[in-house]
There are 2 protein chains.
Amino acid sequence: MSAIAEPNRLSIIELLRDGPCTVGEIAEHLRLRQPQVSKHLRVLCEAKLVEVHPMANRRIYKLHVQGLKEIDSWLDSFRHLWEDRLDQLDDYLKELQRKEKGE
Amino acid sequence: MSAIAEPNRLSIIELLRDGPCTVGEIAEHLRLRQPQVSKHLRVLCEAKLVEVHPMANRRIYKLHVQGLKEIDSWLDSFRHLWEDRLDQLDDYLKELQRKEKGE
DNA sequence: TTTAAATATTCCTTTACAGGAATATTCTTT
DNA sequence: AAAGAATATTCCTGTAAAGGAATATTTAAA
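Keep in mind it's a predicted model, so treat the numbers as computed, not measured.

Asker: Is there a simple way to think about the packing of aromatic side chains in this case?
Answerer: Centre-to-centre distance and the angle between the planes together describe a pair of aromatic rings. Residues and elements named next belong to chain A. The tally for this structure, following the rule as stated, stands at two aromatic pairs over all chains. Ring centres of Trp74 and Phe78 lie 4.8 Å apart, and the angle between their planes is 55°; on these two criteria the pair is classed as tilted. Here Trp74 pairs with Phe78, and both are found in helix α4 (residues 65-83), just four residues apart, close to one helical turn. Like Trp74, the residue Phe78 is buried in the burial classification.

Below is the structure:
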């Protein structure tokens, strides 16, 4: 998760949403220097959020669907919060009162 | 996004998934010291991922649905990647070839 | 085979931030 | 009012990591 915390890396991910890119293209679009882009891509690769396809001289980067799916399935465990309309706070307060009486 | 990058904060979020908690309870469950928990909660609050409900002596924290929804809707823009079965790489390679012939 | 392009890596410096310890604040209880 | 919970804040220190500059590496082109 910390991989997409860095703003420039988030931008890279969002840029790649529109399709694969080479390192140079990314650097140009985001107005970053090539070495930094390479470094960020390295981190994103290790986080399985991006994958490389060496093609002759260049290296084409694209989103790694697997990694994004994992974030999605993590969010899944929270979805009930806004689908069900249960008010957790009320329940908690009642629970609290119950405990305090018990003491 | 950087709010949930920190491991302890991620744990807090996951703990609150099961319902509201007071600062002390969080500290106890996660084996963290109270001041650190307060600091993390501050960050999570500012990120709109968590909300406070002062209740007498204590402060009850719970998930802020809005913030989680925003992450979810951000992910929405990527969902077509694994729903449609389009191979972006092939398209990009063809595009690349086209450009190189043009030069 | 030398040169040039595209990308990766290394080293250095600076900065952001997490944790620890101590203290301040707020509210309750006696 | 005083004492004691529960929580927040401040100050300090160490460390991880991002950016800059220079350099190495790989592959294509001449």
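Asker: Which parts of the structure should I look at to understand the protein's contact with DNA strand C?
Answerer: Close contacts around DNA strand C come from 22 residues, with A:Thr22, A:Gln34, A:Ser38, A:Tyr61 and B:Asn8 the closest. Within 4 Å of the protein, the contacting atoms of DNA strand C are drawn from sugar and phosphate to the extent of 60%. Contact between DNA strand C and A:Lys39: a base oxygen at 3.4 Å from a side-chain N or O atom of the residue. Note that a phosphate oxygen of DNA strand C is positioned 3.1 Å from one of the side-chain N or O atoms of B:Arg9.

Asker: Can you walk me through the environment of A:Glu95 in this structure?
Answerer: All names here are of chain A. Relative to the elements of secondary structure, Glu95 occurs in helix α5 (residues 88-102). Classification of Glu95 as partly exposed rests on a relative accessible area of 34%. The sequence separation of Glu95 and Ala3 amounts to 92 residues, and the corresponding C-alpha distance is 38 Å.

Asker: Could you clarify how one ought to interpret the pairing of strand β3 (residues 58-63) of chain B in this entry?
Answerer: Moving residue by residue along a regular strand, the side chains alternate between the two faces of the sheet. Residues and elements named next belong to chain B. Inspection of the sheet shows strand β1 (residues 21-22) paired to β3 by two bridges, in the antiparallel sense. Paired with Cys21 across the bridge in β3 is Tyr61. Taken together, the six bridges between strand β2 (residues 50-55) and β3 define a ladder with antiparallel strand orientation. Opposite Pro54, over in β3, you have Arg59 as the bridge partner.

Asker: Mind showing me how you'd approach the protein's contact with DNA strand D here?
Answerer: Taken together, 22 residues lie around DNA strand D, and A:Asn8, B:Thr22, B:Gln34, B:Ser38 and B:Tyr61 are the ones closest in. Going through the elements one at a time, α1 (7-16) and α3 (34-46) of chain A together with α2 (23-30), α3 (34-46) and β3 of chain B are the ones with two or more residues in the surface near DNA strand D. When residues of the surface near DNA strand D are assigned to their parent elements, the largest contribution, five residues, is made by α3(B). Per-class residue counts for the surface near DNA strand D are five nonpolar, nine polar and eight charged.

Asker: Sorry, what's going on with the sheet that holds β2(B) here?
Answerer: Neighbouring strands of a sheet are bound in pairs by backbone hydrogen bonds; such pairs are parallel or else antiparallel. All names here are of chain B. Strand order in the open sheet formed by three strands is β1-β3-β2, with antiparallel pairing between adjacent strands. Both outer strands of the open sheet, β1 and β2, are each paired with one neighbouring strand and no more. Where helix α1 (residues 7-16) meets the sheet, it contacts β1, β2 and β3, and its direction lies at approximately 85° from that of β3. The sheet contacts of α3 involve β2 and β3, and relative to β2 the element is tilted by about 120°.

Asker: Sorry, what's going on with the interface of chain B and chain A here?
Answerer: Frequently, the measure chosen for interface size is the accessible area removed from exposure when the parts meet. Between chain B and chain A, the residue contacts involve 42 residues of the former and 42 residues of the latter. Carbon and sulfur atoms make up 71% of the surface buried where chain B meets chain A, a total of about 3600 Å² over both sides. Area buried by chain B at its contact with chain A is led by B:Arg17, B:Trp82 and B:Tyr92, which between them contribute 17% of it. Here chain B is connected to chain A by two salt bridges. In this structure, the salt-bridge partner of A:Asp72 is B:Arg79, at a minimum N-O distance of 2.7 Å. Across the chain B-chain A interface, the total number found is eight residue pairs in polar contact (both at pLDDT 80 or more). Class assignment for the residues of the side of chain B that touches chain A results in 23 nonpolar, seven polar and twelve charged.

Asker: Explain the relation of the copies chain B and chain A to me, please; I cannot follow it from the model alone.
Answerer: Note: a rotation about an axis with an accompanying shift along it relates these two copies of the chain. In screw terms, the move from chain B to chain A is a rotation of 180° and a rise of 0.0 Å along the axis, fitting with an RMSD of 0.1 Å. A rotation of that kind, with that shift, is consistent with a two-fold axis. Comparing interface residues between copies, 100% of those in chain B also sit at the interface in chain A, which points to an isologous, same-surface contact.

Conventions and cut-offs
- Residues numbered from 1 in each chain as written.
- Chains lettered and ligands numbered in written order.
- Predicted model: local features only at pLDDT ≥ 70, side-chain atom pairs only at ≥ 80, totals over all residues.
- Heavy atoms only, no water.
- Phe/Tyr/Trp six-rings, centres within 6.5 Å; stacked < 30°, edge-to-face > 60°.
- Helix = DSSP H or I, 4+ residues; strand = E, 2+ residues; numbered from the N terminus.
- Buried < 20%, exposed > 50% of the residue type's maximum accessible area, 1.4 Å probe, protein only.
- Near = heavy atom within 4 Å.
- Polar contact = N/O pair within 3.5 Å; in protein donor to acceptor, adjacent residues only side chain to side chain.
- Pairing = 2+ DSSP bridges.
- Nonpolar A, V, L, I, M, F, W, Y, C, P; charged D, E, K, R; others polar.
- Contact = heavy atoms within 4.5 Å.
- Axes fitted to C-alpha atoms, helices over the stretch in contact; angles between N-to-C directions.
- Buried area = accessible area lost by both parts, 1.4 Å probe.
- Salt bridge = Lys/Arg side-chain N within 4 Å of Asp/Glu carboxyl O.
- Least-squares fit on C-alpha atoms with pLDDT ≥ 70 in both.

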